[in-house]
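These are the residues of each chain, in order.
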Amino acid sequence: MPENTAPDGATSIGAPHIEFRDVVKRFGDNTVLNDLNFTVAKGERVTLIGPSGSGKTTILRLVMTLEELTGGYIHVGGAPLQYEDQGGKRVRVSDKTRRRTTTQIGMVFQHFNLFPNMTVLENITEAPIHVMGLSKAEAISKAEGLLEKVGMSDKRDFNPSQLSGGQQQRVAIARALAMDPEILLLDEVTSALDPELVGEVLAVLKDIAAETDISMLIVTHEMQFARDVSDRVMMFDQGSIVEEGSPEKIFSDPGHQRTRDFLHAVL
Amino acid sequence: MNESWWSWDHAAAVLPMLLEGFFKYTLVATVLGTLIAVVLGLIVAMTRRVAPGFISTPVTWVVEFIRMTPLVVQLVFANLVLSPYIDSTLAIGIWVLGIHYTTYMAEVYRAGIDSVPKGQWEAATALSLPLLRTWRAVVIPQAIRSTLPALGNYAISMFKETPFLVVIYIPEMVRVAQTYGGDTFRYTESITLAGLIFLVASYPTSVLIRRLEKRLA
Amino acid sequence: MDGVIGFFEQLGPNIEILGARMPQILEGVQVTVLAAAFGGLLALVISFVFGIAQTVKLGAVRIIARIFVEFFRGTSLVVQLFWLAFVLPQLPYPFGWQLAPLAIGVLALGLNYGAYGAEVVRGSIGSVPKGQYEALSALSLSPVRGMFRVIIPQAWALMIPSLSNLWIQLLKGSAIVSTVLLYDLYFRVEQVRDQTGTWFAFLFALVAYYLVAWVIVIIMNALEVRAKHKIGRGPALSDSLGTLLRPPGGKNVARGAMV
């Protein structure tokens, strides 16, 4: 069994790293998230599970500011992310301030979203040079370190299109890590991969989880992976949390019928 | 003090003439030219699809040649060659416009025909439908739908290219404007108004076609 | 005396006449190529400026760009040409410019086809997959940097076929510039006509335009292969010289979006 560093209740240590307060998200008439409240502690790894359409991915996209909040607030590191409460008035946070906050947040996408017009190395050094202000040499040596970590050193001058899906995803992970994120969002990172390529990506992520203390918000259908890396698992259905707890608790002894049904269906 | 740069008197004088040129020539040329392109384009597209190579290959060459060479030169050429036999310059102009745009429409139909799934042809074969029936009842009705926005776009662009007819002296709107300017030494009103009439006529139409495009997409 | 038969009977003498007139005809070719090249360049600049302007966040910029594009698309090339040639000189100070014929031709061609090109650029930028924009956000890259470093290189590969068609349209449209006293290829050939007969002169002119159009096709095909290779789609230019001779048209002509 993998070690479990944070049992239930670990969230009380320190201020929340991510805080959802009364979050509402609608797409037109379709309410995806309804009055959602939860927190993620610094260094905590939280996995969101649940049937598709339950709003898990939307949560990640809200944190990355890829979607606009309909109602409520999200705080990251204590700072308002999209909107702030100014004496009861809900005020939009400026794009500049948003970007300053999101610089601490990295995201890995289901479809990798590597830049096809850049080499592997350029994909990784682009943001460190032009957002963090690293020199080219610094950015390259950093990128090389990360490429080694994800086992892609020999592909540094390749084009993304020359790589397999699993390799592309490992590069995308390195690209996200190159920004030294304090929060990493993993959005179904293995869902677009052929089954035989899933393992290499998950192995890389497990290493990173073990070696760093980056807070992670994970959406995945790989239940074994969720069990291995998570401190906490949240079961979602129809935009709200059905139940949450340690992976042991959720996977071995779910308290809710809907969780049991879901796990029964996917396992 | 020189006269003001815009004269409403001149504008009022030239407007009826412009509108006459617009309705009698510009619009007529556009409508008839489009009609020719719509019919001939389909024939060309079908020929290229069903005819044997020794017919379809030269057809393809000729179509491509016409499409890649200037309408203006084609207009003057056709007018010089045909005017001994055909009295109406307008008719010559309309046919050249129509044939020039046939080369675009043929591509439009070709794409439309290609977009009909192979299974439809196979189903028609399985039912032993004769070839003509297959085209008429199965392929063309499905192909035509996706061609509508492109057809609209080409109708508009033909409309905006009708002033090329000035080179064979057809008194469409822009020729009228130019003549008026030459006669009075005042071009400002006539040419500006001609441009505005084009804008007023083409903009709403292209908005409609963009909507159609979105709906059919 | 004219006609197809005359064309063949007179072929030898006509070629001689053509040879004697070659200096003037080459001048005409030069004018046409200049008009198409500079007009094309201006159109390209306008396409990018007004295409990108339509994608920025600031509403005022978008609206101004939109009006510009609709105006120059909607008012017809010939009207714009005549306006620059006949109306502009009659306007009061500080206008009243009598531009050189080549400048008039280049401006009218550039503005008109540039407005169409702006639509191509806008559409191509919109066709870059959404994931690319999201990755830019996730890496906190600035919108400007993202646009020029990531989005446009990919959009460029998408827009080349349409721009290629537009450039050929511009070349074809350039034959109208003789109406504002620019002595282009068409004008020179028209001059030869008296001596050679209509068939010979005009077939020569059409073939000459056709060849210039093919130069454009080859240039644009090469650019497309290169751009696609750069975003990892397709082979390097040196490995695919055959595609340079691929005829234009196809999908873009079929959409009716090029004119």
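Residues numbered from 1 in each chain as written. Chains lettered and ligands numbered in written order. Predicted model: local features only at pLDDT ≥ 70, side-chain atom pairs only at ≥ 80, totals over all residues. Heavy atoms only, no water.

A. Broad picture of the pattern of salt bridges. For the structure on display, the rule yields 38 salt bridges over all chains. In this structure, glutamate 70 of chain C engages arginine 210 of chain B in a salt bridge whose closest nitrogen and oxygen atoms are separated by 3.0 Å. Separated into two different chains, glutamate 70 of chain C in helix α4 (residues 59–74) and arginine 210 of chain B in helix α8 (residues 188–216) make up a pair that spans both. Under the relative-accessibility criterion, glutamate 70 of chain C is labelled buried at 8%. Given a relative accessible area of 27%, arginine 210 of chain B falls into the partly exposed group. A salt bridge links glutamate 134 of chain C to lysine 130 of chain C; the shortest N-O distance between them is 3.7 Å. Highlighted residues: glutamate 134 of chain C and lysine 130 of chain C, both in helix α7 (residues 130–138), separated by 4 residues, approximately one helical turn. The exposure class of glutamate 134 of chain C is buried, given its relative accessible area of 11%. With relative accessibility at 58%, the residue lysine 130 of chain C sits in the exposed group. Each of Arg210 of chain B together with Arg66, Glu70, Arg73, Glu119 and Arg122 of chain C takes part in a single network of salt bridges with overlapping partners. (Salt bridge = Lys/Arg side-chain N within 4 Å of Asp/Glu carboxyl O. Helix = DSSP H or I, 4+ residues; strand = E, 2+ residues; numbered from the N terminus. Buried < 20%, exposed > 50% of the residue type's maximum accessible area, 1.4 Å probe, protein only.)

B. Up close: empty space enclosed by the protein. Under the counting rule described, the total for this entry stands at 5 cavities of 30 Å³ or more. Taken as a whole, the largest cavity encloses approximately 110 Å³ of empty space. As for the largest cavity, its lining consists of 12 residues, of which Lys160 and Glu161 of chain B together with Asn112, Tyr113 and Tyr116 of chain C are closest to the centre. At the level of elements, α6 (131–161) of chain B together with α6 (101–127) of chain C are the ones that each hand at least two residues to the lining of the largest cavity. (1 Å grid on protein atoms, 1.4 Å probe; cavity = no way out; pocket = protein on both sides within 12 Å on 5 of 7 lines; lining within 4 Å. Points joined across faces, edges and corners; volume = space filled by probe spheres on them.)

C. Spatial organisation of the sheet that holds strand β3 (residues 45–49) of chain A. All names here are of chain A. The 6 strands are arranged β8-β9-β10-β3-β11-β12 in an open sheet whose pairing can be described as mixed. Two strands in the sheet have a free side with no partner beyond their single neighbour: β8 (105–108) and β12 (240–245). Strand-to-strand twist in this sheet, taken as the mean axis angle between neighbours without regard to direction, amounts to 20°. The pairing of β3 with strand β11 (residues 232–237) spans 4 bridges and is parallel. (Pairing = 2+ DSSP bridges. Axes fitted to C-alpha atoms, helices over the stretch in contact; angles between N-to-C directions.)

D. Spotlight on unusual backbone geometry. Residues and elements named next belong to chain A. The phi torsion at threonine 65 lies on the positive side, around 60°, for a residue other than glycine. As for its position among the elements, threonine 65 is in the loop between α1 (56–63) and β4 (71–76). Residues other than glycine seldom take positive phi values, yet phenylalanine 112 does so here, at roughly 60°. Structurally, the position occupied by phenylalanine 112 is in the loop between β8 and α3 (120–132).

E. Main features of the interface of chain B and chain C. In this assembly, 45 residues from chain B lie in contact with 52 residues from chain C. In total, chain B and chain C occlude about 4,200 Å² of area from one another, counting both sides; carbon and sulfur atoms represent 71% of this. The tally of links from chain B across to chain C stands at 1 salt bridge. Across the chain B-chain C interface, the total number found is 14 residue pairs in polar contact (both at pLDDT 80 or more). (Contact = heavy atoms within 4.5 Å. Buried area = accessible area lost by both parts, 1.4 Å probe. Polar contact = N/O pair within 3.5 Å; in protein donor to acceptor, adjacent residues only side chain to side chain.)

F. Representation of the layout of surface pockets in the model. Residue and element names in this part refer to chain C. Reported here for the second largest pocket is a volume of approximately 1,000 Å³. Examining the composition of the lining of the second largest pocket, we find that 6 residues originate from one element, helix α8 (residues 143–173), more than from any other. Each residue belonging to the lining of the second largest pocket can be placed in one class, and the counts come to 13 nonpolar, 7 polar and 9 charged. (Nonpolar A, V, L, I, M, F, W, Y, C, P; charged D, E, K, R; others polar.)

G. Seen up close, helix α2 (residues 53–67) of chain B. All names here are of chain B. The terminal C-alpha atoms of α2 lie 20 Å apart, and with 15 residues this matches the ideal 21 Å at 1.5 Å per residue to within 8%. Among the residues making up α2, those that are buried are Ser56, Val63, Glu64 and Arg67. Each buried residue of α2 sits inside an arc of 95° when the element is viewed along its axis, so together they form one side. Residues Phe54 and Trp61 are exposed on α2 and point more than 90 degrees away from its buried face. (Expected span 1.5 Å × (residues − 1). Arc of directions from axis to C-beta.)

H. Just the pairing of strand β2 (residues 30–41) of chain A, in detail. Residue and element names in this part refer to chain A. Summarising the sheet, strand β1 (residues 16–27) and β2 pair through 8 bridges and their orientation is antiparallel. Looking at β2, one finds that valine 23 is bridged to leucine 36. A loop of 2 residues connects β1 with β2, the two strands running antiparallel in sequence, and glycine 28 in this loop sits at a positive phi of about 65°.

I. Highlighting the packing of α4 of chain C against α6 of chain C. Residue and element names in this part refer to chain C. Orientation of α4 relative to α6, taken along the N-to-C sense of each, is 130°, at an axis distance of 8 Å. Taken together, the axes of α4 and α6 are oblique relative to one another. Between α4 and α6 lies a crossing whose hand is left-handed. Judged by residue contacts, Arg66, Phe68, Val69, Phe72 and Arg73 of α4 engage Leu111, Asn112, Ala115, Tyr116, Ala118, Glu119 and Arg122 from α6. A breakdown of the residues in the contact of α4 with α6 according to their chemical character gives 7 nonpolar, 1 polar and 4 charged. (Parallel < 35°, antiparallel > 145°, perpendicular 65-115°, else oblique. Left-handed = near helix turned anticlockwise from the far one by under 90°.)

J. A look at the pairing of β8 of chain A. Residue and element names in this part refer to chain A. Taking every second residue as pointing to the same face, both faces of β8 are buried, with Ile105 and Met107 on one and Gly106 and Val108 on the other. Where β8 and strand β9 (residues 183–187) come together, 4 bridges link them in parallel fashion. Counterpart to isoleucine 105 in the pairing with β9 is isoleucine 183.

K. Layout of the interface of chain A and chain C. Each partner contributes residues to the interface: chain A has 25 residues there, and chain C has 22 residues. Taken over both partners, the interface formed by chain A and chain C buries close to 2,000 Å², and the fraction arising from carbon and sulfur atoms is 55%. Considering only the side of chain A, the residues that lose the most area to chain C are Arg99, Phe115 and Asn117 of chain A, jointly responsible for 27% of the buried surface there. Summed over the shared surface of chain A and chain C, the result is 5 salt bridges. As a salt-bridge pair, glutamate 126 of chain A and arginine 145 of chain C come within 2.6 Å of each other at their nearest N and O atoms. One can count 10 residue pairs in polar contact (both at pLDDT 80 or more) joining chain A with chain C. Those elements that provide at least two residues to the side of chain A that touches chain C are α2 (95–102), β8 and α3 of chain A. At 5 residues, the largest contribution of residues to the side of chain A that touches chain C is made by α3 of chain A.

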